[in-house]
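# Commentary on secondary and tertiary structure
Residues per chain are reported as follows:
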Amino acid sequence: MKKTLLAGILGALVSLSVSADAASLCGPQTDSFAVVIDASGSMMQTFGEAKEKAGIEDDAAINDEKIASAAKSFAAKIGTVIGQDKMQSSLYAVAPFARLVPLAERSGMEFKDETEAKFNADMEVFGRPSWIGKRADTFFKETLAGKNSLIFITDGGFTGELNDPVQALTEFRKANPDTLVYIVSAAYDEASKAQVEAFNAESFMPILSLETLVTDDLAFNNFVTAAIYDKCSESIELKGVNFAFDKSDLDAQSLEILAQALEVVKARPETDRMRIEGWTDWVGSDAYNAGLSLRRAQVVRDYLVEHGIDAARIDIEGKGESYKYNNETPEGRFANRRAEIIFE
């Protein structure tokens, strides 16, 4: 009975529309998502070959896999998480530019199948530099409707002969202020890493490692939960319950999100315990942020208790400064000022 009720509530929450003001608590976290994969020659190398050129020695199991193949698997796995639910999704390649899976509503499994069918991870290595050509530059100037996520997978090494990739991404963000950009890096040599790091000013999360995302299930799940789709199975990240700088009180949007969270908590077995974690951005001293984050967790706990949840089921913890989102950007700092409910 409890599981049936929980499934019904989660289904209802998934159907909620996503806006720039407040994302759905569970299910799609964005109106659409686009995966852009750098398909240049260097992406056709294996991880081991790229590391060898960068003077890196390790025995990672992924070393024999092509970087492009890992990027393809990563994109397809996103579809697996979404499953039979439908979202607006798309897949593009750059160097050269191609609209492999045009933007349309499709299920996660359909996105997975199309990604596996359309992206060629077995092209030539030599004679194919990384570049942003006319068609790619035009794409980055397009305006999208609603709130969106753009995931850009690259190993850097772009040439500056045509269009500056950093400038292209900057123009994209200007044209689409409600789109969150995520950079997934396969760069290993210092020059390529520096170029990828130059994208950081436009990204919502700190630069993410492709190798980590395809070898660490926790890292992958954390990314997908934040950027695209949240199953709310083990925890609830209260993305809308963000606090103004130096504040621990709740605004109207936060109360709306907490009302949704309350229904999910009520649907779980009454024997389930939970831990509420409060977080801050990186502004301020460690000691001050530790206290502020604890006060934020307490505010969420008080709300749940006031609305019928047994206080004995709830522990709270102030986690202090968060680096999950990019503290270099206003959007990232705002997202880091949040609370999370972890079911135990």
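This text follows the structure it describes.
As the structure is a prediction and not an experimental result, all values here were calculated from the model.

## A look at the pattern of salt bridges
For the structure shown, the criterion picks out 23 salt bridges. Here E114 and R106 are joined by a salt bridge, their closest N and O atoms 3.1 Å apart. You can call R106 buried: its relative accessible area is 7%. Between E237 and R338 there is a salt bridge whose closest N-O contact spans 3.6 Å. Residue E237 is found in strand 9 (residues 235-238), and its partner R338 is found in the loop between helix 12 (330-336) and strand 12 (339-343); the two are separated by 101 residues along the sequence. For the pair E237 and R338, a shared accessibility class is recorded, and that class is buried. Here the salt bridges share partners, and the residues they tie into one network are R275, E277, E317, K319 and E344.

## Quick look at the sheet that holds strand 12
Judged by pairing direction, the sheet is mixed, and its four strands sit side by side in the order 9-12-10-11 without closing on themselves. Either end of the sheet is taken by a strand with one partner, and the two such strands are strand 9 and strand 11 (314-321). Neighbouring strand axes in the sheet, compared pairwise and without regard to direction, differ in orientation by 15 degrees on average. In this sheet, strand 12 lies alongside strand 9 in antiparallel orientation, the contact comprising four bridges. When the bridges of strand 12 are listed, L238 appears paired with A339. This element, helix 10 (residues 252-267), spans strand 9, strand 10 (274-280) and strand 12 of the sheet and lies at about 175 degrees to strand 9. Along the sheet, helix 11 (residues 286-306) makes contact with strand 9, strand 10, strand 11 and strand 12, crossing strand 11 at roughly 150 degrees.

Cut-offs and rules
Residues numbered from 1 in each chain as written. Predicted model: local features only at pLDDT ≥ 70, side-chain atom pairs only at ≥ 80, totals over all residues. Heavy atoms only, no water. Salt bridge = Lys/Arg side-chain N within 4 Å of Asp/Glu carboxyl O. Buried < 20%, exposed > 50% of the residue type's maximum accessible area, 1.4 Å probe, protein only. Helix = DSSP H or I, 4+ residues; strand = E, 2+ residues; numbered from the N terminus. Pairing = 2+ DSSP bridges. Axes fitted to C-alpha atoms, helices over the stretch in contact; angles between N-to-C directions. Contact = heavy atoms within 4.5 Å.

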